[in-house]
Every structure is written in structure tokens, then in C-alpha cells.
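Notes for the structure review
This is what each chain is made of:
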Amino acid sequence: MPQMTMVQAIQDALRVALREDPRVVVLGEDVGRNGGVFRVTEGLQAEFGAERVADTPLAENGIVGGAIGMALYGMRPVAEIQFVDFIYPAFDQIVSEMAKLRWRSAGQYSCPVIVRAPYGGGIKGGLYHSQSPEAYFCHTAGLTVVIPSTPADAKGLLLAALEGEDPVIFLEPKRLYRSVRDEVPEGRHTVPLSRVRIAREGEHCTVLAYGAMVPVSLEAAAEAETRGWSVEVVDLRTLVPLDAEAVLASVRKTGRVVIVHEAPRTCGYGAELSALIAEKALTSLQAPVLRVTGYDTPFPYTLEHSYLPDAPRVARALEHVMSY
Amino acid sequence: MNAAPLQLLDPEGRLVGEAPAVAAEDLRRLFRHMVRMRLLDQRMLSLQRQGRIGFYGMATGQEAAITGSAYPLRDTDWIFPALRETGVSLWRGTTTREIVCQLMGNSGDVLIGRQMPCHFSDRRVRSVAWSSVIGTQLVHAMGAAWAAQLRKEDTVCVGYLGDGASSAADFHAAANFAGVFRLPVVFFCQNNQWAISVPLSRQTASEGIAIKAVAYGFPGVRVDGNDLLAVIAAMREAVDRARSGGGPTLVEAVTFRMGGHSSSDDPTRYRDGQLVEQWERRDPLGRLRTWLRASGALGADDEETWSKEIHEEIGAAITEAEALPPPPIESMFADVYATMPPGLAEQMRYAVAMGEGQKVEGVFPL
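Residues numbered from 1 in each chain as written. Chains lettered and ligands numbered in written order. Predicted model: local features only at pLDDT ≥ 70, side-chain atom pairs only at ≥ 80, totals over all residues. Heavy atoms only, no water.

Glancing now at unusual backbone geometry. Glycine aside, negative phi is the norm for most residues, and most peptide bonds take the trans geometry. With an omega of -10 degrees, the peptide bond running from V240 of chain A to P241 of chain A counts as cis. The backbone phi angle of I112 of chain B is positive, close to 35 degrees, even though this residue is not glycine. With respect to the element layout, I112 of chain B can be found in the loop between α4 (96-104) and α5 (137-150). Unusually for a residue other than glycine, I196 of chain B sits at a positive phi of about 45 degrees. Turning to its location among the elements, I196 of chain B is positioned in the loop between β4 (194-195) and β5 (198-199). (Helix = DSSP H or I, 4+ residues; strand = E, 2+ residues; numbered from the N terminus.)

This is the structure we're talking about:
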């Protein structure tokens with residue numbers, strides 16, 4: 001099995017999709033000749049032509065709105081938003097249009113658009129190249145929100161998203177784009193949506209994480225092992241629709257929960273997880289559900305590593321719930 | 001660009017240019033359709049005033065623009081309408097009964113009560129579902145045209161907008177992309193002079209809407225939107241251009257919204273009544289009637305006969321629609337996702353168990 005970075009794995013998924021399905025079109029800013037600013041689409045225009053891998057004018061509402069029109073007409077567009085921080089001009093197209101087209105047409109139309117965007121901090125990108133806005137999309141009925149944490153998952157989840165009929169927000173942890181190289185199956189490889197991955201099995205505490213916070217959580221879990229605590233790390237992979245049963249099964253098994261995300265805390269995705277656990281697994285809990293998150297501030301440039309949750313912060317939360 | 005709108009039939013019903021080639025029987029059908037739209041507006045506004053439907057957006061005064069924009073299209077073309085273009089769907093084959101059911105949001109509604117009245121869509125006539133957010137459908141028209149171009153199909157997509165939407169970001173993006181990729185799309189603007197209470201002079205400092213096309217690199221044309229013949233001529237040229245690979249066109253039909261923005265709006269708060277009287281003299285039905293009678297295409301009794309037929313059709317549609325129950329509670333949860341996720345299925349079971357489906361009957365808050 002070949003070793004790939006996440007960038008290569010996503011590129012491989014797009015190549016498989018473009019090869020196998022004539023309906024697939026890739027569009028966005030700089031995705032063509034330049035291969036994207038992170039080189040995710042490198043070589044695709046040369047292989048599939050400028051019509052199917054299209055550089056667009058610089059307007060996110062036009063990119064997503066155009067992709068919606070393509071999907072209505074029967075295509076499978078994959079729209080790239082260069083950084084998720086630039087997605088807000090397309091926010092209305094995503095939440096008012098893309099998410100609701102099937103429902104508001106009573107199933108006459110579907111809108112299988114994939115919106116890919118790198119998200120998250122850790123690359124010295126400052127306020128407008130580092131945000132984690134997943135909660136905005138999780139709040140919108142009709143959207144599927146996917147965040148991979150490994151190269152193999154990035155490929156498999158993207159290809160699974162392209163096989164579905166629903167619009168998908170596919171957020172890529174840019175900090176992990178090239179930092180990890182891992183085995184990725186060749187050819188068509190899909191990973192089912194709405195299924196968690198148990199990244200590490202454990203007995204005493206559950207850490208719920210996704211994207212770039214999965215390796216951070218695994219590092220903390222390994223450290224906890226040295227103190228005799230067996231920590232389970234659940235990689236959510238799809239935030240909405242959530243694999244709630246798997247989350248609850250882990251919580252019921254361990255009785256302790258730490259939730260980790262780099263997005264700000266208030267009304268972040270961790271709040272939804274906490275509420276779910278309180279409603280459905282309260283009697284299993286041995287300790288309060290803790291959240292380790294970004295702060296309720298805009299994303300800082302110089303102090304980004306103080307802002308971002310890291311293994312020591314997760315370890316501190318683990319210590320708190322384990323000694324509660 | 002000449003800012004004076006193209007006119008072929010003057011307000012007095014005199015032919016002042018070369019009429020587009022339209023078969024006499026089609027002219028009769030077109031006139032009948034305009035009468036049908038006007039009568040449907042009258043009857044539906046009346047139903048709204050009686051509290052039998054919740055909302056209505058009239059197209060009165062804009063029948064020529066709407067009908068003329070629909071006529072040159074093929075059945076295989078796609079339309080991306082907004083509030084005042086239900087008449088396009090009606091022309092293409094949607095029935096009066098389906099429209100009345102949509103206005104009532106009942107179980108006979110194609111959209112099973114999911115959208116406000118007048119937010120109609122019908123896949124059978126390739127009319128795409130739209131939101132109330134202004135101008136958002138224009139990028140979809142652009143994208144669908146892009147897809148048609150990629151598939152090398154000769155479909156034309158029409159994105160409808162009003163003068164207000166010409167200020168929206170999506171109009172700019174749609175026109176810009178359409179120009180760059182030379183897409184087979186027509187942007188059809190019904191410039192009815194008013195976006196609720198805000199006049200055209202507060203939407204743009206340019207001389208009308210059509211001139212904006214120049215900046216996007218494709219033709220814009222201004223027509224008298226109350227002149228069916230001029231609208232057909234301009235739209236036909238635009239559609240032919242799109243179909244033959246010549247790229248997009250922006251057609252601006254200069255017309256006037258004779259009523260309020262909707263049944264919830266009182267235009268006397270912001271608009272001079274004299275202006276309305278002026279536009280009454282430019283009525284699209286009146287001039288077409290005069291010309292068709294003079295040319296012998298319309299007989300003395302035709303309109304009366306048609307009006308009677310149409311009233312019967314609408315009356316029957318209302319009777320049938322009012323007998324239908326509201327959609328079942330379960331319908332609210334379908335179509336959110338292609339397959340209902342377990343969490344949503346749980347919410348549906350809760351709603352059913354709570355008897356939520358019993359709370360809707362006869363409730364149309366005004």
C-alpha cells in the first residue's frame with residue numbers, strides 16, 4: 001500500500017473521481033494551472049483539462065452558487081474554498097440554498113455539492129487563514145459536515161461523499177496536510193460517512209475529537225497511559241449526521257468524557273456533544289464533561305500556540321476528570 | 001448603449017416596429033395566458049384578503065414581460081424564477097390547481113407545504129426551487145448553464161431577477177462568471193421600478209439595468225416590458241444567442257408593479273398614486289387587446305369566453321384545493337437528507353407522539 005500525505009490522499013481521491021465519473025468537476029480559485037495554494041489539485045488540470053478542473057473568478061458565492069447550479073443539472077461538482085476563512089461570502093449559498101434545495105423542492109431536486117476547504121490553525125496563518133467554523137454548518141439542517149484526521153480517511157470520506165446525494169462540507173485540517181505520511185489504499189477506497197473511528201481503545205475515559213485535534217488527543221492519551229489511565233480516543237470523522245450511538249457507547253463504557261476542538265468554546269461543537277451526553281448518558285458519568293477548546297477570542301497570530309489546544313492542555317483535563 | 005427601451009407596440013396598441021414572427025394562434029394563446037394570470041391574481045388576492053391563503057405576490061401589470069420571456073423557450077430549457085414568475089411555470093404546463101394547492105400549502109401541493117405561497121417550483125417544467133433571499137437563484141442559473149456547456153447540450157438557462165436583485169452580490173457573481181465562461185444563460189430582469197418601498201434610483205446610479213451587462217462583457221438590452229412583442233423579440237434573440245454558443249445576455253424589461261410588493265404591503269405609504277395612474281395607461285393587456293382586435297386575431301367575444309373558462313378553472317381549483325388536508329407531520333422530516341439520519345428519525349417519532357400534526361388546520365395567520 002502506498003504511503004501518502006493527506007494532500008496526496010485527497011488529490012488521489014479527486015483523481016479517482018474524475019477518472020471514474022464524468023459528472024465530477026473541480027472548481028475554485030487557483031485550482032487549475034497552479035494546482036491550488038496547497039497543491040491539493042496539482043496535476044489534475046493537466047490530466048483532465050481546463051473544463052473539468054476550472055479556475056474561477058475570485059468570488060466564493062459564485063463558486064458555490066455555480067456548483068449548486070451544476071449539481072441541479074446533474075453534475076458532481078467539488079468546489080474548493082481556498083481557506084475556510086473565505087467561505088463567508090458563500091455562507092448564504094451554503095445555508096440558504098445548498099442545504100435546503102432538496103427539502104424546499106420536496107425532493108424534486110437534490111444538490112450533491114462537495115465544498116472542500118482547509119481549516120484550522122498551526123501554520124502561522126493569522127486570523128484569516130486559521131479559523132474553525134464547523135459549528136456554523138453543523139447548525140444547518142441538510143448539511144453533512146466531514147472532517148478527516150488521517151490520509152486514508154481523507155481519501156475514503158471524500159470518495160464516499162461523492163457517492164452520496166447530499167451536500168457535504170468537507171473540512172481539511174491543513175496542519176495535517178503534510179505532517180503525517182500513512183498508508184492509503186489505492187484506487188476506489190471509501191470510508192462510510194456518519195461512522196466514528198476508534199483511534200485508540202481505552203477503558204477509563206473517552207476523548208472526543210476530530211481533525212487536527214485527534215493527534216493532539218492521542219499524544220495526551222499516550223501520556224496518560226504512563227499514569228495508568230486507559231484513554232479511548234474517538235475520532236468523530238463526520239460531525240453531522242453524528243454517529244451518536246458509537247459516541248454514547250464509548251461514554252457509557254468509560255464514564256468520563258473530555259471533548260477537544262480548536263474552535264471557540266461557546267456554542268462550539270463540544271456543546272452539542274455535552275448536551276447529547278447529558279441527555280442520554282448522564283447516569284453513566286463519573287465526572288463532569290470537560291471541553292478543551294480554543295478561546296472565545298478571534299484567532300491570534302503570534303500567540304496561536306497558546307490559543308490552540310495541545311497535549312498538555314488535554315492532559316490537564318484528563319487529570320481533572322480522572323481524579324474527580 | 002441606447003437607454004430608450006425597445007418598443008414594437010405602443011401604449012395605444014399601434015405597431016411601431018417590425019413584429020416578431022409569431023403564429024396567429026400563438027398570439028391568441030399568449031393573450032389568453034396574460035388574461036389567465038391577471039384573473040388568477042385577482043382571485044388569489046381576494047382569497048388572501050378573506051384569510052383563505054396566507055400571502056400572495058401579484059404580477060399584475062407585468063404579464064407581458066413574464067409571458068414574453070417564457071414564449072421563446074423550449075421545454076428542455078431551465079428556468080430559475082423568483083417571486084413574480086409563477087406565470088412562466090403556468091405557461092410551461094403547471095396547472096392552476098397545483099398553483100392553488102401550493103398557495104394553500106396543503107397535501108396536494110407539489111411542495112407539500114414546505115414553502116410560503118408563490119415560492120413555487122416544478123421539476124416537470126424545469127422550474128427550480130428558489131429561496132426568498134434576493135438574487136440567489138442567478139448563480140444557480142449560471143451554474144446550470146455551465147453544466148449544460150460542459151455536457152455539450154444546447155439547453156438555455158434563464159435566471160430571473162427584479163431591479164432590487166441587481167444590487168445583490170449574487171447578481172454580480174452570476175453575470176461575471178457567465179461572461180468569463182461565455183455561458184448559455186439569459187438574465188431576465190423585470191425592472192418594475194420598486195423593491196418593496198425602495199425606488200430604482202436607490203438601487204443604481206446607472207441608466208437602467210441592461211447597461212450593467214457591458215461591464216461583464218456581454219450584451220444588455222432594454223425593452224418595454226409591457227409590450228409583449230418587444231419582449232418576445234428581445235428574448236428570442238437572447239435565447240438564440242445562448243443556444244448557438246454566443247454567450248449570455250441581460251434583458252431588462254421595463255415595467256411597473258401595479259400592486260404592492262405582496263399582500264402584506266401597502267404601497268400608498270411610499271408611492272404617488274398618480275404614478276400608478278400613468279402606468280395604467282401603459283397596461284400590457286390593453287395594448288395587445290387593441291392590436292389583436294384591429295388585426296382580426298381576436299374576435300369580439302373571445303376574451304369574455306376565455307374569462308368565463310378561466311374563472312371556472314380557478315373556482316374548481318379552489319374547491320378541490322380547500323378540500324385537501326394539510327400535509328402529514330412526517331412529511332416535515334423527509335428530504336432533509338437523502339436518507340433520514342437516526343437522530344432526525346427520533347425527532348420525528350417524538351413529534352408524531354406529541355400529536356404535533358393536529359396543530360395546523362385552518363391556521364393562516366395574516
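Having seen the model, we can carry on.
Moving on: the domain arrangement of chain B. Here chain B is described as being made up of domain 1 (24-327) and domain 2 (329-366). Taking only C-alpha atoms, the centre of domain 1 of chain B and the centre of domain 2 of chain B are 32 Å apart. (Domains from an automatic or database assignment.)

Let us look at the nonpolar core. Formed by 148 residues in total, the largest nonpolar core has its most connected members in I94, M98 and L236 of chain A together with W146 and F187 of chain B. With 10 residues, the top contributor of residues to this core is α5 of chain B. Those residues within four positions of F187 of chain B in sequence are excluded, and the remaining contacts are L138, G159, L161, A174, A175, A178, F218, T249, L250 and V251 of chain B. One finds V22, A59, Y71 and W291 of chain B within the second-largest nonpolar core, a separate group that totals 67 residues. (Core = buried A, V, L, I, M, F, W, Y, C linked by side-chain atoms within 4.5 Å. Buried < 20%, exposed > 50% of the residue type's maximum accessible area, 1.4 Å probe, protein only. Contact = heavy atoms within 4.5 Å.)

Below, the discussion takes up the packing of aromatic side chains. Scanning the model with the defined rule gives 23 aromatic pairs over all chains in all. Ring geometry for W146 of chain B versus F181 of chain B: centroids 4.3 Å apart, planes at 25 degrees, classification stacked. Taken together, the residues span a long stretch of sequence, with W146 of chain B in helix α5 and F181 of chain B in helix α6 (residues 169-181) at a distance of 35 residues. An identical accessibility class is assigned to W146 of chain B and F181 of chain B; each is buried. One aromatic cluster is present, formed by F38, F83, F86 and Y177 of chain A through successive ring pairs. (Phe/Tyr/Trp six-rings, centres within 6.5 Å; stacked < 30°, edge-to-face > 60°.)

All names here are of chain A. Direction of pairing for strand β13 (residues 257-264) relative to strand β14 (residues 290-294): parallel, over a ladder of four bridges. Paired with V260 across the bridge in β14 is V292. As for the winding sense of the linkage, the β-α-β connection from β13 through helix α10 (residues 269-280) to β14 is right-handed. (Pairing = 2+ DSSP bridges. Right-handed = clockwise from strand over helix to strand, strands pointing away.)

Residues and elements named next belong to chain B. The interhelical angle for the contact between α5 and α6, taken along N-to-C directions, is 20 degrees, at an axis separation of 8 Å. As summarised for this structure, α5 and α6 are arranged roughly parallel, according to the angle between their axes. In this structure, the crossing between α5 and α6 has a hand that is left-handed. On α6, the residues that touch L138, V139, M142, W146 and Q149 of α5 are D170, F171, A173, A174, F177, A178 and F181. (Axes fitted to C-alpha atoms, helices over the stretch in contact; angles between N-to-C directions. Parallel < 35°, antiparallel > 145°, perpendicular 65-115°, else oblique. Left-handed = near helix turned anticlockwise from the far one by under 90°.)

Once that is clear, we can look at the interface of chain B and chain A. Each side of the interface is counted separately: chain B has 46 residues, and chain A has 44 residues. At the boundary of chain B with chain A, the tally comes to two salt bridges. A salt bridge links E346 of chain B to K280 of chain A, with the shortest nitrogen-to-oxygen separation between them at 2.6 Å. For the interface between chain B and chain A, the tally reads 22 residue pairs in polar contact (both at pLDDT 80 or more). Examining the composition of the side of chain B that touches chain A, we find that nine residues originate from one element, α5 of chain B, more than from any other. (Salt bridge = Lys/Arg side-chain N within 4 Å of Asp/Glu carboxyl O. Polar contact = N/O pair within 3.5 Å; in protein donor to acceptor, adjacent residues only side chain to side chain.)

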